[in-house]
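# Observations on the model geometry
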Amino acid sequence: MQRNYITQGILILTLFFTSFAKASEPSSSIYVQLQKLHSLKRVLYVAAHPDDENTRALAWFSLGEKAETAYFSLTRGDGGQNLIGNELGDALGVLRTQELLAARSHDHAKQYFSKAVDFGYSKSAEESFQKWGKDVLMADLVLMIRRFKPDVIVTRFPPDKRAGHGHHTASALLALEAFDKAADAKYLPEQVKELGTWQVNSVYWNSSYWWNPSIADSAANNPNYLVKDIGGYAPMLGKSYNEIGTLARSQHKCQGFGNLLERGEQIEYFEHLKGKKLKNSFFEHAQRDWFNLTKSNVEKRFNKLLENFNFQDPAQNIPALLEILNYMEQIVDPQLRDEKVALCKEIIAQCLGMNLELLADDHSFALGEEIPLELVAINRSSTPVTLNSLRLSDGTEINLSEEIPENKEYKHRLKTAPTTVLSTPYWLRNEHTDLYTVNDPQNLLRAENRAAIHGYLRIEIEGQTLELPVSADHKWRDPSYGERRRPLVIAPKITATLDQNILIAKPGVEKEVLITLHGYQNNYEDELSITVPEGWKISQSTFKVHFTKKHQEQNIILQLTPSTNAASGELLIKDSSGKSIYDATEISYDHIPTQVIFSPSQMKCIPLDVQVKELKVAYIKGVEDAVPNAIRQLGLEVDEFEVSELPSVDLTQYTTVVLGIRIYNVHPELENFHPQLENFVKAGGKLILQYNTASRSGNFQPFAPLPFKIGRNRVTEEDATVNILDAEHPIFNVPNKITPEDFDAWVQERGLYFAENYTPAYTPLLSWADQGEQAQEGALIVAELGEGQVVYTGISFFRELPQGVIGAYRLFANILSY
């Protein structure tokens, strides 16, 4: 859940930087890692969003075929929806990035991204490329191919309209074109100087019954297909590959993809799209072998270790692993060398039962501070290990020269240099629209930031030195949970969090705003100032802050009043030097490491002379959304209830009941309360139903007394022309006159999951369409029932209202007042 403050709660690092502050693996899992170290197979899986990837296939490639497997997603999914919290936009992208990394922790693939921003549903690849710039994404994908050097590319989608989403189609088209461009020395020659070219053998599409119900027949004895049973059992792991894949799939919790574990036969179909047609294996045209990579007989050493691996005492494998490590360091290709060396070192550390931690006594420290840390190391094997030195990313280097006693913790206290970089996702450090700006080339393709403090511990084993990665975090004891961890955060000295992102106020009407100040260092003192848009009166424009201790807080209550000629604009908070004060948005769930976004603290102020009838609203919650707060912005009283509370709610105390977005998707038991809702409407109440998704709602009737079906139609062009079907209807006239201007400046889309097959009792009030498509009439339908009314709307109020779209507020006020 998104929180605008930081509280207490391991950072998964990308590329090849992994900390050993994690549970040691059993011998069988270490052996699987050794098999992957030996393997030279490589697969690149390409799609458009988090959750697009076939996690069962990734698990099979990675753990079954022992191939180094990567998933390249065009976007971070920031234009999607959220089933478990109120994160949308940038915050949702951060959440879904972490869910992808959580999935990769199960299927053991790696995760990468392009610079594309998910702008929501798109009906064509052409639209997607127009917004993103095809050349930019092509450069990202070719960089991915030249760095990763896969044997085969697998797309999740076909390169045409069957993909069902413009982003999906675009991902497949990019993969097909990148197949050629990655091998073309004339394409991005500067990139070629650094990485060389790479010719992928083949491109295959991971097809399924979704696109072809007769795919089993189509693929039988067809040379265009590779057919694989990926449901095999992995005795070393104690799970089937599809079982692991469904565990990974279930990490996409905000998209509602939690699922039952799958076991047993699972047939997957891969259709040839480009390059060599393969007969039996994805790797039958392998381009690498160990002799050519190392000019040595390391293959024999691998085979000997694999045949004689000591499962009872893994530390006995270390001499052979150290010998293999020397050969890994001789690989000419720098990307492959770094990858194999890092994995070999990880296996050695696992065989030692080595646990390394770099711990801070708090989870956050102010920018510019020196951070006190404690290095904790334990060697749980009989093999002697000496700690030579610790080198941190900030330049701190400490000589240790200590041999670790067997199975005893070694501790060493140290301090970092003053911190210089604020912890916020690297792709959110600049303003963006359709593409993220990546300032540091080392961050290109990277899934997330490196740890705020990271480095390498140099150790000596049997006369050989090697470096193991460490990263700083904070851990603590939670009496109801056990050990908890969260990444270390470099924070501003102070943050200011407003209780609302948007303030809607009528001219002359005073509104109250709460600002919560949070200090991240001892002895902070300053005078902060607040600026407001022209024409707004503020009760206090400066205030002094004095915190003696870290994590102190102070609440400031302000009154804001717009004049009749007040302008829309931003409320900004600055320190005495004129620098912006930051807000801290925390994203905290048990299935991901806690994330923090720091951004300038500001609030959009909108003078809006919108009229609304005097109402009392009961809001029955579906998924978390900002609509209840938007209703309050209109000056109405809103009480929020869970579906489980309905038996004890007296609906006669309310004029209007609003059902939250996707309520039937998360609470199908709401159908049990249809009689209660029917009686409320018949007695003169108004029931407003917001959108639910069709894909997982089955054949339920959203409101049985006046049934209709949730369709899959949507209008994705936010500026699509609106056709009002009944201009005299009260919803377009009372209490506000709705005009075409009210549909200007909308964001991302018009609406989604429109009603269809509704009874004649419903009246559709408007229609709209994306270019070249038929008009859709199910976005807003109304019906009379007894003395009351029923409204269904698929209009994206859940997006428009939090963004302060004035026309959306006026229209929603009329719907409430109808």
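Residues numbered from 1 in each chain as written. Predicted model: local features only at pLDDT ≥ 70, side-chain atom pairs only at ≥ 80, totals over all residues. Heavy atoms only, no water.

### Focus on the overall build of the protein
Let me state the cut-off plainly: Each helix is a run of H or I in the DSSP string that is no shorter than four residues. Each strand is a run of E no shorter than two, and both are numbered from the N terminus. Atoms counted for the radius of gyration: C-alpha only. Globule rule: 2.2 Å times residue count to the power 0.38. We call a residue buried when its accessible area falls under 20% of the maximum for its residue type, exposed when it is over 50%, and partly exposed in between, using a 1.4 Å probe and counting protein chains only. All accessibility values rest on the Shrake-Rupley procedure with a 1.4 Å probe; residue burial counts only the protein chains present in the view. For the charge count, each Lys or Arg is scored as positive and each Asp or Glu as negative, with His and the chain ends excluded. Positions of charges follow a simple convention, taking NZ of Lys, CZ of Arg, CG of Asp or CD of Glu.
The number of helices and strands found in the protein is 18 helices and 44 strands. By the compact-globule yardstick of 28 Å for 818 residues, the protein fits well, its C-alpha radius of gyration being 29 Å. With the principal axes as the frame, the protein shows a C-alpha extent of 85 × 75 × 55 Å. Burial status across the protein gives 58% buried among its 818 residues. Looking at the protein as shown, the accessible area adds up to about 32,800 Å², and 46% of this sits on carbon and sulfur atoms. For the protein, the centre of its 81 positive side-chain charges and the centre of its 105 negative side-chain charges are spaced 5 Å apart.

### Looking at the packing of helix α1 (residues 27-38) against helix α13 (residues 334-352)
Definition in use: Each axis is a line fitted through C-alpha atoms, taken for helices only over the stretch in contact, and angles between the N-to-C directions span 0 to 180 degrees. Oblique is the label for every angle not falling under 35 degrees (roughly parallel), over 145 degrees (roughly antiparallel), or within 65 to 115 degrees (roughly perpendicular). Here is the rule for handedness: rotate from the far helix to the near one, and if that takes an anticlockwise turn smaller than a right angle the crossing is left-handed, while a clockwise turn gives right-handed. The contact rule is simple, with two residues in contact once any of their heavy atoms fall within 4.5 Å. Ten residue types, Ala, Val, Leu, Ile, Met, Phe, Trp, Tyr, Cys and Pro, are classed as nonpolar, four, Asp, Glu, Lys and Arg, as charged, and the remainder, Gly among them, as polar.
Close contact between α1 and α13 brings their axes to 10 Å; oriented N to C, the two are set at 160 degrees. With respect to their mutual orientation, α1 and α13 come out roughly antiparallel. Helix-helix and strand crossings are classified by hand; for α1 and α13 the assignment is left-handed. From α1, I30, Q33, L34, K36 and L37 reach across to α13, where they touch K340, L343, C344, E346, I347, Q350 and C351. The residue inventory of the contact of α1 with α13, partitioned by class, reads seven nonpolar, two polar and three charged.

### Side note on the packing of aromatic side chains
To describe a pair of aromatic rings, you give the distance between the ring centres and the angle between the ring planes. How we decide: Ring geometry is summarised as follows: Phe, Tyr and Trp rings, the Trp one being its six-membered ring, pair when their centres sit within 6.5 Å, and such pairs are stacked at plane angles under 30 degrees, edge-to-face over 60 and tilted between the two. Over a ring means this: the NZ of a Lys or the CZ of an Arg is within 6 Å of the ring centre and within 35 degrees of the ring normal.
Considering all chains together, one arrives at 27 aromatic pairs under this definition. Taken together, a centroid distance of 5.2 Å and an interplanar angle of 40 degrees make the contact between Y31 and F311 tilted. Placement of Y31 in helix α1 and of F311 in the loop between α11 (298-307) and α12 (318-328) is noted, with a sequence separation of 280 residues between them. Note on F61 and F282: the rings are 5.1 Å apart at their centroids and 70 degrees apart in plane angle, and the pair reads as edge-to-face. Of the two residues, F61 is situated in helix α2 (residues 55-64) and F282 in the loop between β10 (267-275) and α10 (290-294); the sequence distance between them amounts to 221 residues. Aromatic rings pair up to connect W60, F61, Y204, F270, F282 and F283 into one cluster. Here K134 stacks its cationic end above the ring of F129, 5.3 Å away from the centre of that ring. Lying across the ring of Y121, R714 places its NZ or CZ 4.2 Å from the centre.

### A short note on α12
Since one α-helical turn is 3.6 residues long, residues separated by three or four positions face the same way. Among all positions of α12, only I318, L321, L322, I324, L325, Y327 and M328 are buried. Taken together, the buried residues of α12 touch α1, α10, α11, α13, β17 (454-461) and β18 (464-478).

### A few points about the side chain of T656
Test applied: The definition of a polar contact used here is a pair of N or O atoms within 3.5 Å, where within protein one atom must be able to donate a hydrogen and the other to accept one, and adjacent residues in sequence count solely through side-chain atom pairs.
Within the secondary structure layout, T656 lies in strand β34 (residues 656-659). Assessed through its relative accessible area of 0%, T656 is described here as buried. Here the side chain of T656 touches T655 through a polar contact of 3.3 Å, side chain to side chain. Discounting chain neighbours no more than four positions away, the residues touching T656 are L615, K616, V617, A618, F680, K686, I688 and L816.

### A few points about the sheet that holds strand β35 (residues 686-689)
Each strand in a sheet pairs with another by means of backbone hydrogen bonds, the pair being arranged parallel or else antiparallel. Threshold: Here the rule is simple: two strands pair whenever DSSP picks up at least two bridges between them.
Strand order in the open sheet made by the seven strands is β33-β32-β34-β35-β44-β43-β41, with mixed pairing throughout. Every interior strand has two partners, whereas the edge strands, β33 (637-641) and β41 (763-764), have only one. Note: β35 against strand β44 (residues 788-793), four bridges, orientation parallel. Along β44, the bridge assignment pairs L687 with V790.

### Some remarks on the pattern of salt bridges
For clarity, the threshold we go by: A side-chain nitrogen of Lys or Arg and a carboxyl oxygen of Asp or Glu constitute a salt bridge if their distance falls within 4 Å.
Applying the stated criterion to the full structure yields 39 salt bridges. In this structure, R162 engages D160 in a salt bridge whose closest nitrogen and oxygen atoms are separated by 2.8 Å. With relative accessibility at 45%, the residue R162 sits in the partly exposed group. Looking at D160, the relative accessible area reads 28%, which means it is partly exposed. Through salt bridges with shared partners, a single ionic network connects E357, D473, K475, E483 and R485.

### Some words on the environment of S29
Looking at the element boundaries, S29 is found in helix α1. On the basis of relative accessibility, which here comes to 15%, the residue S29 falls in the buried class. Counting along the chain gives 318 residues from S29 to I347, while the straight-line C-alpha distance between them is 9.9 Å. Setting aside residues no more than four positions away along its own chain, S29 makes contact with M236 and L237.

### Concerning the sheet that holds strand β28 (residues 569-574)
Spatial strand order, β22-β31-β28-β24-β26: five strands in an open sheet with mixed pairing. Edge positions in the open sheet fall to β22 (502-505) and β26 (542-547), since each of these has one partner strand only. Within the sheet, the average angular offset between the axes of one strand and its neighbour, ignoring direction, is 25 degrees. As paired elements, β22 and strand β31 (residues 602-607) share four bridges and run parallel to each other. Within β31, the residue paired with I502 across the bridge is K604.

### As for unusual backbone geometry
Going from V734 to P735, the amide bond is cis rather than trans, its omega being -5 degrees. Within the fold, P735 resides in the loop between β38 (722-724) and β39 (751-752). Residues other than glycine seldom take positive phi values, yet E462 does so here, at roughly 50 degrees. Relative to the helices and strands, E462 resides in the loop between β17 and β18. With a phi close to 50 degrees, Y753 is a non-glycine residue in the positive phi region. Its relative accessible area of 7% is what places Y753 among the buried residues.

### Re the environment of I661
Within the secondary structure, I661 is located in the loop between β34 and α15 (663-666). Among the residues examined, I661 registers a relative accessible area of 4% and is labelled buried. Between the C-alpha atom of I661 and that of F798, which follows or precedes it by 137 residues, the distance is 7.7 Å.

### Some remarks on the side chain of H591
Along the chain, H591 falls in the loop between β29 (582-587) and β30 (595-600). Since its relative accessible area comes to 17%, H591 is described here as buried. In this structure, H591 is in contact with I84, E99, A102, Q251 and K253, ignoring residues within four places of it in sequence.

### Here we look at the pairing of strand β27 (residues 553-562)
The sheet contact formed by strand β23 (residues 511-519) and β27 spans eight bridges and is antiparallel. The residue bridging V513 from the neighbouring strand is L558, located in β27. Of the pairings in the sheet, the one linking strand β25 (residues 536-538) to β27 comprises three bridges and is antiparallel in character. The residue bridging W536 from the neighbouring strand is P562, located in β27.

As far as function goes, none of this settles anything; it's purely spatial.
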